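A structural walkthrough
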Amino acid sequence: MDTCPLCALPHTPGDLTWSSQHEPDGTVVWICPTCTRAQLWLIEAGMTIATPRAPAAPEPVRRAA
Ligand SMILES: [Zn+2]
């Protein structure tokens, strides 16, 4: 079962109050509502938030070729 990487709360599949975060390697991390709110400013800033492999390296900005 997936758990919140920030507080280890177990994620119930189909619980729409959780937020999914797609990692560069294709995995999906689920963030619980409480931690989503705490991390919201990071999400809005387009930054990768904490994961089990944190601190995540910032993704390089993809520039239009
Ligand atoms: Zn959490």
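Just above, that's the structure.
Here is what the cut-offs are and how they apply
- Residues numbered from 1 in each chain as written.
- Predicted model: local features only at pLDDT ≥ 70, side-chain atom pairs only at ≥ 80, totals over all residues.
- Helix = DSSP H or I, 4+ residues; strand = E, 2+ residues; numbered from the N terminus.
- Buried ≥ 20, exposed ≤ 12 C-beta atoms within 10 Å, placed from the backbone.
- Contact = placed C-beta atoms within 7 Å.

Scanning the chain for helices and strands turns up one helix and two strands. Going from N to C terminus, the chain has its helices and strands arranged as β-β-α. Taking all 65 residues of the chain together, the buried fraction comes to 9%. In the chain, 35% of the contacts between residues at least 6 apart in sequence involve partners at least 24 apart.

Looking now at the environment of Val29. Within the fold, Val29 resides in strand β2 (residues 28-31). Note on Val29: 22 C-beta atoms within 10 Å, which makes it buried. In sequence terms Val29 and Cys4 are 25 residues apart; their C-alpha atoms lie 7.6 Å from each other.

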